[in-house]
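One-letter residues, chain by chain:
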Amino acid sequence: MRHTSLLSNRPADEPVSHCIFYPGSKEVLTELPGFPQPLMHPATPTFRVATFPGKGMGLVSTRALKMGDLILTERPLIAAPQAMPIYRPKNCTDQEHLQRGLAELERHLMIALQRMRPASTAAYLALANSCKKEGLIVGIFLTNGLELAGLWPGVQGVGGNYSAVCKDISRLNHSCSPNTSTSFDLASLSYRLYAVRDIVAGEELTYQYTNVEVPASERRQVLKGYDFVCACAACKDAPASDVRRYHPSFRRSPLPRAHRNIVFRRRSCRQMPRTHCADRGGGFGTHHIARQSHSGVDVRAHLPLRCQRSE
């Protein structure tokens, strides 16, 4: 594994991403023409961090936003593999192998935190931890990880082999009817958060942690891993919402043509199903693609899902 602080020569107020890479991943970035491209920011501030009763910290809009508006652009604080390459001794059980993988992940995360800028380390440690039994450092990573695809040399398709944690985007709370989504831009090494519908000033910005097309009962099972019970409008009226989500009109992309490349990314929590989900028809995904296999232990035990808006 290789530790590298990408963009460490940038100004003090510009984020530096500490990455724990497999060989070849750094070159995927540095060989991109013009890397790193400058960050693209909204013309005026769009959000602030706020406290929400029963939810903890989250983001709230500070002005009205239109569908497709850019809300924020952010480089990750840290990125690390979703699977740790460790040797499995003979007669080692699955649980023992998982714990060895978590210990290896913790070792690398500790090295990363020691090398990060103090402000970045403090921002990481201030994030929520829904996996307390795994410890503070690993628990924060498992709780707040976002899928990061496109950095695995030779691996094609939608599979993401890294998870990344961000200062602000990782604070987004879940909704089964989210009003935001992200895309990741390799050339600038940044996530971009967009509005997927009109948002009024003072409204909480929300994001989907799991596949919101499945019935509410299945969503609740996945969300247990985040240690909360969703109380969004869709879950309060689950029977009616489930019927609407299976209606063909739900699969139509509500985004303008110029914004239909926005990716619906879900958190890379280890409780998620062991499949990737890629949308082939402009709605939430139904086409499952098997994961690319490789050596190592998946420290999340399950893989994240991802859906993409397309033409």
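Residues numbered from 1 in each chain as written. Predicted model: local features only at pLDDT ≥ 70, side-chain atom pairs only at ≥ 80, totals over all residues. Heavy atoms only, no water.

J.: It is not clear to me how unusual backbone geometry should be interpreted in this structure. Could you clarify?
T.: Keep in mind that most residues, glycine aside, have a negative phi and that most peptide bonds are trans. At the junction of F35 and P36, the peptide bond is cis and its omega measures out at 0° in the coordinates. Despite not being glycine, D227 shows a phi value in the positive range, around 65°. Relative to the helices and strands, D227 is located in the loop between α5 (216–223) and α6 (233–236). (Helix = DSSP H or I, 4+ residues; strand = E, 2+ residues; numbered from the N terminus.)

J.: Even after reading the chapter, I still don't get the sheet that holds strand β13 (residues 204–207), so can you show me in this structure?
T.: Strand pairing in a sheet relies on backbone hydrogen bonds, with the paired strands running either antiparallel or parallel. Here 4 strands make up an open sheet; going across it, the order is β3-β4-β13-β10 and the pairing mixed. At either margin of the open sheet sits one strand with a lone partner, and together these are β3 (47–52) and β10 (173–174). With 6 bridges connecting them, β3 and strand β4 (residues 56–61) associate as antiparallel partners. Across the sheet, V49 pairs through a bridge with L59, a residue of β4. (Pairing = 2+ DSSP bridges.)

J.: Any chance you could explain the environment of L29 here in plain terms?
T.: Following the sequence through the fold, L29 ends up in helix α1 (residues 25–30). Residue L29 is classed as buried on the basis of its relative accessible area of 0%. Expressed as a C-alpha distance, the spacing of L29 and A187, which sit 158 residues apart in the sequence, is 7.1 Å. (Buried < 20%, exposed > 50% of the residue type's maximum accessible area, 1.4 Å probe, protein only.)

J.: Where do I start with α5 in this structure?
T.: Side chains that are three or four residues apart share a direction in an α-helix, a result of its 3.6 residues per turn. Within the span of α5, buried status applies to A216, R219, V222 and L223. Within α5, the buried residues cover an arc of 120° as seen down the axis, which keeps them to one side. (Arc of directions from axis to C-beta.)

J.: Would you take a moment to explain the packing of helix α2 (residues 94–115) against helix α4 (residues 136–144) for this structure?
T.: Helix packing geometry: the angle between the two helix axes and the distance between the axes. Direction vectors running N to C along α2 and α4 enclose 95°, while the axes themselves pass 9 Å from each other. Classed by the angle they form, the pair α2 and α4 counts as roughly perpendicular. Touching L102, L105, E106, L109, M110 and L113 of α2 are I137, V138, F141 and L142, all from α4. (Axes fitted to C-alpha atoms, helices over the stretch in contact; angles between N-to-C directions. Parallel < 35°, antiparallel > 145°, perpendicular 65-115°, else oblique. Contact = heavy atoms within 4.5 Å.)

J.: Sorry if this is basic, but what is going on with the state of the cysteines here?
T.: Simply put, disulfide is the name for a covalent bond between the sulfur atoms of two cysteines. Summed over the entire model, instances satisfying the criterion amount to 0 disulfides. With no disulfide of its own, C176 lies closest to C235 among cysteine sulfurs, the gap being 3.6 Å. (Disulfide = S-S within 2.5 Å.)

J.: Is there a simple way to think about the pattern of salt bridges in this case?
T.: As a working rule, side chains carrying opposite charge can pair if their charged atoms are close by. This structure, assessed with the given rule, holds 8 salt bridges. A salt bridge links R197 to E203; the nearest nitrogen and oxygen atoms lie 2.6 Å apart. Classification of R197 as partly exposed rests on a relative accessible area of 32%. The buried category is assigned to E203, whose relative accessible area is 19%. One salt bridge connects R219 with D242, and the closest N-O pair in it is separated by 3.9 Å. Of this pair, R219 sits in helix α5 while D242 sits in helix α7 (residues 238–245), placing them 23 residues apart in sequence. Side by side, R219 and D242 carry an identical accessibility label, which is buried. (Salt bridge = Lys/Arg side-chain N within 4 Å of Asp/Glu carboxyl O.)

J.: What's the story with the pairing of β13 in this structure? I'm lost.
T.: Regular strands place their side chains on alternate faces of the sheet. Across the two faces of β13 the burial is the same, with E204 and T206 and L205 and Y207 all buried. In this structure, β4 lies alongside β13, joined through 2 bridges in antiparallel fashion. Within β13, the residue paired with L59 across the bridge is L205. Pairing analysis gives 2 bridges linking β10 to β13, with the strands arranged parallel. Each bridged residue has a counterpart across the sheet, and for N173 the counterpart in β13 is T206.

J.: Is there a simple way to think about the packing of aromatic side chains in this case?
T.: What characterises a pair of aromatic rings is the spacing of the ring centres plus the angle enclosed by the ring planes. As enumerated under the stated definition, the model contains 6 aromatic pairs in all. Look at F21 and Y162: their rings are 5.4 Å apart centre to centre, the planes differ by 80°, and that puts the pair in the edge-to-face class. Taken together, the residues F21 in strand β2 (residues 17–21) and Y162 in strand β9 (residues 160–165) connect sequence positions 141 residues apart. For the pair shown, F21 and Y162 are each scored as buried. (Phe/Tyr/Trp six-rings, centres within 6.5 Å; stacked < 30°, edge-to-face > 60°.)

These results come straight from atomic positions and should not be treated as a statement about function.
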